[in-house]
Each structure stands twice: as structure tokens, then as C-alpha cells.
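Here is what each chain is made of, one letter per residue.
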Amino acid sequence: MPLDHWIDQALYLAYRWADYALLNLMDDPALLALVFC
């Protein structure tokens, strides 16, 4: 496979992981607040 394809795949996975992490980091404090308050 050409290098460009590998770079595109890596960027796609990085963006997906960043979106997932951001959603989890945004949701965790809200869930903790609901549980403990």
C-alpha cells in the first residue's frame, strides 16, 4: 500500500480516538455529579 494510504488511516484513527476521548472526558464529570449529588 502507498504511504499516503497509511497516513490517511492513521489520521482517521487519531481523529476517532480524540473524539471518543473528548466525549468520555465531557461525560464523566456529569455522570459523577449525578451519582454523588
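Scroll up to find the structure.
Rules behind the numbers
- Residues numbered from 1 in each chain as written.
- Predicted model: local features only at pLDDT ≥ 70, side-chain atom pairs only at ≥ 80, totals over all residues.
- Heavy atoms only, no water.
- Helix = DSSP H or I, 4+ residues; strand = E, 2+ residues; numbered from the N terminus.
- Buried < 20%, exposed > 50% of the residue type's maximum accessible area, 1.4 Å probe, protein only.
- Areas by Shrake-Rupley, 256 points an atom, 1.4 Å probe, with all protein chains shown as cover.
- Patch = residues over 30% accessible without salt bridge, like charges linked within 9 Å, V, L, I, M, F, W, Y side chains within 5 Å.
- Salt bridge = Lys/Arg side-chain N within 4 Å of Asp/Glu carboxyl O.

K.L.:
I keep staring at the overall build of the protein and nothing clicks. Help me out?
P.N.:
A tally of helices and strands in the protein yields one helix and zero strands. Seen through its principal axes, the protein has C-alpha atoms that stretch 55 × 10 × 5 Å. Counting the 37 residues in the protein, one finds 3% classified as buried. Per element, the accessible surface of the protein, about 3,800 Å² overall, is 72% carbon and sulfur.

K.L.:
Explanation requested: a nonpolar patch on the surface in the structure shown.
P.N.:
Side chains of Leu3, Trp6, Ile7, Leu11 and Tyr15 sit close together on the surface and give an oily, nonpolar patch of about 600 Å² of accessible area. Inspection of the secondary structure puts Trp6 in helix 1 (residues 3-36).

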